[in-house]
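Per-entry structural report
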Amino acid sequence: MSTLDWLAGAGSAVRGEIAVPGDKSVSHRAIMFASLADGESQVHGFLEGEDTRATAAIFAKLGVRIDAAGVGSRAVQGVGIDGLHGCAEALDCGNAGTGMRLLAGLLAGQRFDSVLVGDASLSKRPMARVIDPIVRMGGLIESDAGGLPPLRIRGGRALHGIDYTLPVASAQVKSAVLLAGLYAHGETHIREPHPTRDYSERMLRAFGWPIAFGPGWARLSGGHRLQPTQVQVPADFSSAAFFIVAASLVPGSDLLLRAVGMNPRRTGLLTVLRAMGADIVESPCGEQGGEPVADLRVRHARLRGIAVPEACVPDMIDEFPVLFAAAALAEGTTVVTAAAELRVKESDRIATMASGLRALGARIDETPDGAVIHGGTLHGGEAHAHGDHRIAMALVVAAQCASGEVRVVDCANVATSFPGFDDLARGIGFGLRG
Ligand code: S3P
């Protein structure tokens, strides 16, 4: 991956009306379930990001015909639950933890062997969390030392259902176990320490697989089939979050975000920003693909630091980089706890945000499971995104309120989740140059 730096600095007020691209989590899952269904499914609003395209490319290698009818559209010729073909080459998940973890569960149930590899960041991310439950189900997955990729997944194993309580709140691990459960004899029952996003459960139901679930648990049995369907992917709340925070921070801002996905397991940032004083008006506009969507109008407001409620953490796990930016520019102190998971994301997001914002003059104390962020002002400088898409975008948001220009180093991976972020941002007033 080539490096790409951005120069970001105070632009104008953040104003206008935008729609952000499709949800990454839903796009990965739509390709997976559509590939395993009996016949053609259509996916609309598919995220044309590198992560989700890597997942689509993997299913093409496994023998699924996937046609791009246009930007954000895919026609997927599902091969049925047992119709995938093995691939002699390693399957490259790129930067995507979701792709690798969910595929680990799915491929553990196949007749053939597979190898999953990823980029430099993904190759450092923990996979024991998916290997452990899959092995308990009778699967066999070998990793490098320390539970790191590549994953060598043995096929031809007879899986059985388990009753499994996740040690960490993780939708990726939950989904991997559910996907293995499709191929298991008997019932798979999952319990979570805190409820996480339930897209796999909702989508399995939409594809006709019998599943019972509620906040914090899910239960299904193997031996059914998936019926093809149409999936409408809602706009990604996590992508909207950068603009929600920017419009809150920059004086004079008034931004309308159209039809944003509002799954309650994703929108913890709204609760926290409102407690900090943000002015966000939510106008529900129905459902897309079984997910609630709403227009969000965000106007500038003075933000105050708070102690982030621990119960909100799983519901905003991807939004901490941009929350750190908001907190560094708020009045008073923001305290983040119970968020150790941030240390094993695309980068160690506590460390990378703390060092990036410190380079711009912020005062941040790191703790093992969070940070204490003392609000104030930011100056220009050089801040490193460490190849993490969300760190890059969060630093660009922070730079909108810095007194000088900020060089954000290593932003190329923004295209993994948000292709076109820079153009969209410039169009609503961001100061941002490539
Ligand atoms: C995701 C789950 C979350 C999130 C990631 C996408 C998913 O990870 O951070 O960006 O699609 O299931 P964990 O489940 O590991 O917390």
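Residues numbered from 1 in each chain as written. Predicted model: local features only at pLDDT ≥ 70, side-chain atom pairs only at ≥ 80, totals over all residues. Heavy atoms only, no water.

Quick look at the sheet that holds strand 6 (residues 91-92)
Here we have four strands laid out as an open sheet, ordered 6-7-9-8, and mixed in their pairing. For this open sheet the edge positions go to strand 6 and strand 8 (140-144), each flanked by a neighbour on one side alone. Two strands pair when backbone bridges link them, and strand 8 and strand 9 (residues 148-154) are joined in this way by four bridges, in the antiparallel orientation. By the bridge assignment for strand 9, L140 is matched with R154. (Pairing = 2+ DSSP bridges. Helix = DSSP H or I, 4+ residues; strand = E, 2+ residues; numbered from the N terminus.)

Remarks on the sheet that holds strand 17 (residues 291-299)
The strands making up a sheet associate through hydrogen bonds between their backbones, and the pairing can be parallel or antiparallel. Taken in spatial order, the four strands of this open sheet run 2-15-17-16, and their pairing is mixed. Edge positions in the sheet fall to strand 2 (15-18) and strand 16 (279-288), since each has one partner strand and no second. Ignoring which end each strand starts from, the neighbouring axes of this sheet average 15° apart. Bridge count between strand 16 and strand 17: eight bridges; the pairing is antiparallel. Of the residues in strand 17, the one forming a bridge with E282 is L296. The sheet contacts of helix 7 (residues 237-249) involve strand 2, strand 15 (254-261), strand 16 and strand 17, and relative to strand 15 the element is tilted by about 165°. (Axes fitted to C-alpha atoms, helices over the stretch in contact; angles between N-to-C directions. Contact = heavy atoms within 4.5 Å.)

Some thoughts on the domain arrangement of the chain
Annotation of the chain at the domain level lists domain 1 (6-22 + 234-433) and domain 2 (24-232). Each of domain 1 and domain 2 has a C-alpha centre, and these two points are 29 Å apart. Across the boundary between the two partners, domain 1 contributes 27 residues, which contact 25 residues of domain 2. Summed over both partners, the interface of domain 1 with domain 2 comes to about 2,200 Å²; 46% of that surface belongs to carbon and sulfur atoms. Among the residues of domain 1 in contact with domain 2, R265, E346 and T416 are the three that bury the most area, contributing 25% of the side total. (Domains from an automatic or database assignment. Buried area = accessible area lost by both parts, 1.4 Å probe.)

Focus: the nonpolar core
F243, I244, L257, L273, L357, F421 and F430 are the most contacted members of the largest nonpolar core, which totals 83 residues. With ten residues, the single largest contributor to this core is helix 7. Residue contacts for I244: discarding those within four places in its chain leaves F237, L257, L270, L273, I280, L296 and V298. If you look at the next biggest cluster of nonpolar residues, it comprises 66 residues, including F46, C87, L106 and M137. (Core = buried A, V, L, I, M, F, W, Y, C linked by side-chain atoms within 4.5 Å. Buried < 20%, exposed > 50% of the residue type's maximum accessible area, 1.4 Å probe, protein only.)

With respect to the pairing of strand 4 (residues 65-70)
In the sheet, strand 4 pairs with strand 5 (residues 73-79) via five bridges, with the strands oriented antiparallel. Bridge pairing in strand 5 places D67 opposite A75. Hairpin connection from strand 4 to strand 5: two residues lie between these consecutive antiparallel strands, with G72 at a positive phi of about 80°.

Considerations on the packing of helix 9 (residues 320-328) against helix 11 (residues 389-399)
Following both chains from N to C, one finds helix 9 and helix 11 inclined at 20°, their axes separated by 8 Å at the closest point. Here helix 9 lies roughly parallel to helix 11, going by the angle between them. Helix 11 is crossed by helix 9, and the crossing has right-handed handedness. Across the interface between the two elements, P321, V322 and A325 of helix 9 pack against R390, I391, A394, V397 and A398 of helix 11. Partitioning the contact of helix 9 with helix 11 into residue classes produces seven nonpolar, no polar and one charged. (Parallel < 35°, antiparallel > 145°, perpendicular 65-115°, else oblique. Left-handed = near helix turned anticlockwise from the far one by under 90°. Nonpolar A, V, L, I, M, F, W, Y, C, P; charged D, E, K, R; others polar.)

Considerations on helix 6 (residues 199-206)
By the burial criterion, the buried members of helix 6 are Y199, S200, E201, M203 and L204. Looking at the buried residues of helix 6, the elements they touch are helix 1 (24-36), helix 5 (171-182), strand 12 (211-214), strand 13 (217-221), strand 14 (230-232) and strand 17.

Observations regarding the packing of helix 5 against helix 6
Where helix 5 meets helix 6, the axes come as close as 9 Å, and the angle between the chain directions of the two elements is 30°. Our classification of the angle between helix 5 and helix 6 gives roughly parallel. Facing K174, S175, L178 and L182 of helix 5, the residues of helix 6 in contact are S200, E201 and L204. Considered class by class, the residues forming the contact of helix 5 with helix 6 number three nonpolar, two polar and two charged.

Digging into the site of the ligand
Near the ligand you find K24, S25, R29, T98, R101, S170, A171, Q172, R197, I317, D318 and K345, and these make up its full shell. Between D318 and the ligand, the recorded distance is 2.6 Å, taken from a side-chain N or O atom to an oxygen atom. In the complex, 96% of the free accessible area of the ligand, which totals 390 Å², lies under the protein chains. Listing elements by their share of the shell around the ligand, those giving two or more residues are helix 1, helix 3 (97-107) and helix 5. Counting residues per element, the shell around the ligand draws most heavily on helix 1, at three residues. Among the residues forming the shell around the ligand, the class breakdown is two nonpolar, four polar and six charged. (Near = heavy atom within 4 Å. Polar contact = N/O pair within 3.5 Å; in protein donor to acceptor, adjacent residues only side chain to side chain. Areas by Shrake-Rupley, 256 points an atom, 1.4 Å probe, with all protein chains shown as cover.)

Focus on the packing of aromatic side chains
Counted by the stated rule, this structure contains eight aromatic pairs. A ring pair is formed by F242 and F421, whose centres lie 6.3 Å apart and whose planes are at 75°; its orientation type is edge-to-face. Of the two residues, F242 sits in helix 7 while F421 sits in helix 12 (residues 421-427), which places them 179 residues apart along the sequence. A single burial state applies to F242 and to F421, both of which are buried. Each ring, one from F243 and one from F421, has its centre 5.6 Å from the other, and the planes form 20°; the classification is stacked. Taken together, the residues F243 in helix 7 and F421 in helix 12 connect sequence positions 178 residues apart. (Phe/Tyr/Trp six-rings, centres within 6.5 Å; stacked < 30°, edge-to-face > 60°.)

Comments concerning unusual backbone geometry
P150 follows P149 through a cis peptide bond whose omega is 0°. Position of P150 among the secondary structure elements: in strand 9. Here H386, not a glycine, exhibits a phi torsion of approximately 50°, which is positive. We note that D410 has phi near 75°; this positive angle belongs to a residue other than glycine. By the element assignment, D410 lies in the loop between strand 22 (406-409) and helix 12.

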